[in-house]
Amino acid sequence: MQEELKQIRHEVLAKLKQVQTLDALESLRIQYFGRNGKLTTVMKGMGKLSKAERPIVGKLANQIRAEWSEAFEQTTQELHRQQQAQQLAEESVDITLPGRKPAYGKAHPVTQTLERITSIFTQMGFQVATGPEVETDYYNFDALNTPADHPARDLHDTFYLTDGYLLRTHTSPVQIRVMERQQPPVRIIVPGKAYRVDYDVSHTPMFHQVEGLLVDTHVTFSELKGILASFVWQMFGAETQTRFRPHFFPFTEPSAEVDISCTVCVGAGCRSCGGTGWIEILGAGAVDPEVFSAVGYDAEQVTGFAFGMGVERIANLQFRIPDIRTFYENDLRFLQQF
Amino acid sequence: MNVTLNWLKTYINFALAPSELAERLTMLGIEVESIKHLGAELAGVVVGKVNAVTSHPNADKLVVCQVDVGEAAELQIVCGAPNVQEGMQAPVATIGTALPNGLTIKRAKLRGTESHGMLCSEKELGISDDAAGLMELPADFAAGTPLAEALGLDDVVMQLEITPNRADCLSLIGVAREIRADTGNPLKLPSSKGLSYGERIPTSVTIDAPEFCPRYAARVIQGIQVGPSPEWLQRRLKSVGVGVINNIVDVTNFVLMEYGQPLHAFDYHKLAENRIVVRRAAEGELLTTLDEIERELTSDMLVIADAEKPVALAGIMGGYDSEITAETRDVLLESAYFNPASVRATSKALGIHTEASYRFERGTDPGAVIAALERAAHLITELAGGTICEGVVDVYPGETPLCQIQLRPARVNFILGTAMEATEMVEILTRLGFHVAPADADTYQVTVPTFRADVTREIDLIEELARVYGYDNIPTTLPKGDIPIPEPDVKTEVRQRVKRFLLASGMMEAVNYSFCAPSCFDKIRMHEKDARREAVQLRNPLSPEMSLLRTTLLPSLLENAQHNHNHQIDTIALFEMSTVFLVEETSGDSPDREVSPTGVGEPERVAGILAGHVGGGMYKNPYRAPDFFDIKGIVEGMLEVCGVTDYTLARTDEPTFHPGRNAAVLLSDERVGIFGEAHPAVLENYDLPYKAYLFEFDLGALSAVATFSKRFEPISIYPKVQRDLAIVLDADIPADKPLALIYATGGELVESARLFDVYVGEPVPAGKKSLAYTIAYHSATETLTDKAVNRLHERVVARLNRELGAELRM
């Protein structure tokens, strides 16, 4: 019987080496160690053995089982590994096939720019204010110290409506509306649409502006410089220079135009900046006392500054679109780019 | 306005390179828009003396010239100009010269004969349009001299942007004053001293409308000879872009540029009774202006008249009949100050804009009237002969005392944030031409010169100080005041959430003009009686297609779809957020409309369009056509991000939409928006070959009901049990009915019920449909047993059967 067991042991270990698959391995286990397996069958004869022989055979059988068990476990793992490797190899994909990209939209380049400008100022404590786009002569011009016969009105080609109203030519009327209903301190930013009769590669009849206004008991021109320099720094980067140049607006005094060093040539002078190295980005100034008196503020008690910028112009410093009317065609090949 | 450096230097000395001067002027507020070196285009062109002309061996129309260009050897140049002749002097473009017309001169063989340069016409040099022949140069020009130098063209022209407040800078002297403010160098003004006068000639000036004409001065000059101006005067005027006419007109234009004072010369003998009456025109009075157009005048317009009739439109344009001609011998020279608003109104009403009106309507210097008149009279006698008659007529009914302003140096520094010394302020203002005297310890009394009518207040002086002190020298600081507390702003939050959601849903943001065409309402089949057809009209639209203000965003988006389809882009998913403009509050689709103070409602809308394909059109991500449920899903998500759940849907009869595929979203019976499939006729109107799905919502109405407050709900630790349920019921029962019953029956024990299939057709009987749900049952407090779930599920089935006649589908 011991011989028989040794024979089984020899056989099964030899067969184990030939096993290629997990299924074959399982068959082999059943063939030898299953309920009716060879080892089980042999061991059924244990009862016929002598008392002395029994422990020896039992021990031998246990040895074989232990040996088998270990080898079985090893082979299982090995086969499992092989099988997985094969499966992985079969599952390989062409990684250059297109991804299933979820559709995602993009904000319009002008509103992206508008929101960025607005967010820079809100972080500096300015509150967003809005106002109507259909306006009156009073809010659009008169209250902003631009009476009817003022030559500055020539600079605004105004859309008039049939009932005597107009489309605001700038976002500045909101200054007046806010100051009329609120006492200082006022610290607002006004993003919005404005309209002028103009239609060429650098003008659209509707455009966007961001207006700012700060009024308090002692606001200085130097603080206007500070706020706008901070804005330029955040919007255009630390390397961009700011220049304040005297200018004229009816509703600010002193007034300034603000230039930044050309984003194309970095100040050296190129076609984009007309060779000057500077690009005008906004108009600003201390609030004119006439504007304060229009809203019932005492110009001896409060001072302030205001500024306004064209969003398309600022957007285009980055995007460099040759014809800004392209902004409003809403061609998806265009919108996808931003 | 254009100035040249050489001309400026006749009024003030300065040692600044053109670019430096441009920088200084720009930083003073006179922006230099361009700098043009006049001679630059003529580099390489020299004076040539044609010493010999021989015929060309191979061409009848060409000649061979030997030209002296100041070098040892003469140049052989082949020329075809008709006026070429021996001994003449003409410009020679030497080898390598790039002419203004783009031609570069090379050594060439013309019909076999070598040519070493080119003899040029004025046109070829860009000097004038004269191409008839060679430009003939005076004999006293030395051969070889650069042409620019010989012609005195070695000048620099600067184009200045003068802001509307600085009428004083619309003149060379005005700009020179700015240079004085910057450099401190003295002005050199033209002197009229030493003029001799002839006999007194009878003339008079009457001002009948002093409100329009505060000052009018005149002089008579006798015995002049009208003719061309000398070369120096022509050059001056041409260099700043002023046309040349004759010596008299050229002098008035020269003085206009010099002083900024428009002048007018009348033929003295064409003035009835030889006198001037400044008056309002009679209503309907006619005047033929210099441009030979007969103008009908109104009583708001100021004319210069003689004893009988208008002879000029005051400050704008002279009359044709009293114009200076070659025969004119005696002239009456006008120098006046007209009311800016009056000139502006007349110029605008008649559509005439001249150099004179441009200056008068911005405000000329009433103090320069006489100086300019004397200067012009002097120049005329110098250039056209004649004698100045004794006596200047100067009628000045509008003379006002000089403006006095109290200046507080402390206030200057308070406004600017500077620490300027009072002495520096005095110095700056004095250099600008103001007279400054101490008033008391803290105040100065500043007297404003007549040429600075724009300065009337202390703040105007502060601006003057700031710009001359230098904006660059003002410190850069940060505001110190309190930051106001913002009010809660639900609308901005709603706008941002909706926008983020729509972008995440794959929709691109569009921005359209606020304008629309009158036809757009028909194109979207809007009801005849829809209040949105009453759009606000523009009085001066760019085009009929842009003549109304939008009352709905849908036409713009349909046009965008059309544009894209026309450009072969058919994956169309666009949205727009914008105000629309409503004349009256009658459309009733917005409970929370913001009413503009102008009476025009400006509610904010969000609208979208899906058309063509959705998907990537690629392997694993094929195109498919969008359908009603795509747009509905977007709408549902949009409402969800606003925290709006309590809404109902109702079919509408809006003709824009497919009658069976649209829904209004109602919040307590108030419509906040609409969505659905565009009506086929609408698609046809926009030439879209496929279906389009639209939505439009009122952001104000959404904001009114939006809620962002959330509370944590415990997450059950007990497993859920899922059961599928397929029922067959009448086809016309809406799908939300059984769903509501499932929730109502299961109560808290129904975690979710998902409709996963709708089926119509065999074997489901006709008139019926099958709906299949997966119901997830769970409890927050225990593990549900199979038995409990089965009991509950049976109750659901029984209720669906009882209330809707739904049968379990086997």
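Up top is the structure.
**Focus on the packing of aromatic side chains**
Move 1: One pass over the full model with this rule turns up 26 aromatic pairs over all chains.
Move 2: For the pair Phe159(A) and Phe515(B), a centre-to-centre distance of 5.3 Å together with 55° between the ring planes defines the contact as tilted. One end of the pair, Phe159(A), is in the loop between helix 6 (137–140) and strand 3 (166–167); the other, Phe515(B), is in strand 28 (residues 515–516), on a second chain. You'll find Phe159(A) and Phe515(B) in the same group, each marked buried.
Move 3: Among the aromatic residues, ring-to-ring pairing joins Phe159(A), Tyr195(A), Phe319(A), Phe327(A), Tyr328(A), Phe334(A), Phe338(A), Tyr513(B) and Phe515(B) into one connected group.
Move 4: Here the basic side chain of Arg325(A) rests over the ring of Tyr199(A), its NZ or CZ set 4.8 Å away from the ring centre.
Move 5: Note that Lys9(B) overlies the ring of Phe14(B), its terminal NZ or CZ placed 5.3 Å from the centroid.

**Digging into the pattern of salt bridges**
Move 1: According to the stated counting rule, one finds 60 salt bridges over all chains in the structure shown.
Move 2: The salt bridge partner of Glu26(A) is Arg29(A), with a shortest N-O separation of 2.9 Å. Residue Glu26(A) and its partner Arg29(A) are both found in helix 2 (residues 22–33); the two are separated by three residues, about one turn of the helix.
Move 3: Given the relative accessible area of 28%, Arg29(A) is considered partly exposed.
Move 4: What you see here is one network of salt bridges that share partners, running through Arg166(B), Asp168(B), Glu178(B), Arg452(B), Asp454(B), Glu464(B) and Arg467(B).

**Here we look at the sheet that holds strand 36 (residues 721–730) of chain B**
Residue and element names in this part refer to chain B.
Move 1: Pairing is antiparallel across the open sheet formed by four strands, whose spatial order is 37-38-36-39. The open sheet has two edge strands, strand 37 (750–759) and strand 39 (807–808), and neither has a second partner.
Move 2: As paired elements, strand 36 and strand 39 share two bridges and run antiparallel to each other. Bridge pairing in strand 39 links valine 728 to glutamate 807.
Move 3: On the sheet, helix 19 (residues 736–746) packs against strand 36, strand 37 and strand 38 (768–777) and is oriented at approximately 155° with respect to strand 37.
Move 4: The sheet contacts of helix 20 (residues 786–804) involve strand 36, strand 38 and strand 39, and relative to strand 36 the element is tilted by about 15°.

**Details of the interface of chain B and chain A**
Move 1: Residue-level contacts link 86 residues of chain B with 89 residues of chain A.
Move 2: Of the roughly 7300 Å² buried between chain B and chain A on both sides combined, carbon and sulfur atoms contribute 59%.
Move 3: Its largest share of buried area at the contact with chain A, chain B owes to Tyr471(B), Met508(B) and Tyr513(B), together 10% of the area lost on that side.
Move 4: The tally of links from chain B across to chain A stands at eight salt bridges.
Move 5: Linking Glu31(B) and Arg245(A) is a salt bridge whose minimum nitrogen-to-oxygen distance equals 3.3 Å.
Move 6: At the junction of chain B and chain A, the tally comes to 35 residue pairs in polar contact (both at pLDDT 80 or more).
Move 7: Broken down by element, the residue count for the side of chain B that touches chain A peaks at six residues, all from helix 12 (residues 458–469) of chain B.

**Looking at a negative patch on the surface**
Move 1: Taken together, the side chains of Glu283(B), Glu294(B), Glu296(B) and Asp300(B) present a region of like negative charge at the surface.
Move 2: In this structure Glu296(B) comes out as exposed when scored by relative accessible area, which is 57%.

The rules behind these values
Residues numbered from 1 in each chain as written. Chains lettered and ligands numbered in written order. Predicted model: local features only at pLDDT ≥ 70, side-chain atom pairs only at ≥ 80, totals over all residues. Heavy atoms only, no water. Phe/Tyr/Trp six-rings, centres within 6.5 Å; stacked < 30°, edge-to-face > 60°. Helix = DSSP H or I, 4+ residues; strand = E, 2+ residues; numbered from the N terminus. Buried < 20%, exposed > 50% of the residue type's maximum accessible area, 1.4 Å probe, protein only. Lys NZ or Arg CZ within 6 Å of the ring centre and 35° of its normal. Salt bridge = Lys/Arg side-chain N within 4 Å of Asp/Glu carboxyl O. Pairing = 2+ DSSP bridges. Contact = heavy atoms within 4.5 Å. Axes fitted to C-alpha atoms, helices over the stretch in contact; angles between N-to-C directions. Buried area = accessible area lost by both parts, 1.4 Å probe. Polar contact = N/O pair within 3.5 Å; in protein donor to acceptor, adjacent residues only side chain to side chain. Patch = residues over 30% accessible without salt bridge, like charges linked within 9 Å, V, L, I, M, F, W, Y side chains within 5 Å. Areas by Shrake-Rupley, 256 points an atom, 1.4 Å probe, with all protein chains shown as cover. Lys, Arg positive; Asp, Glu negative; His and termini not counted. Charge placed at Lys NZ, Arg CZ, Asp CG, Glu CD.

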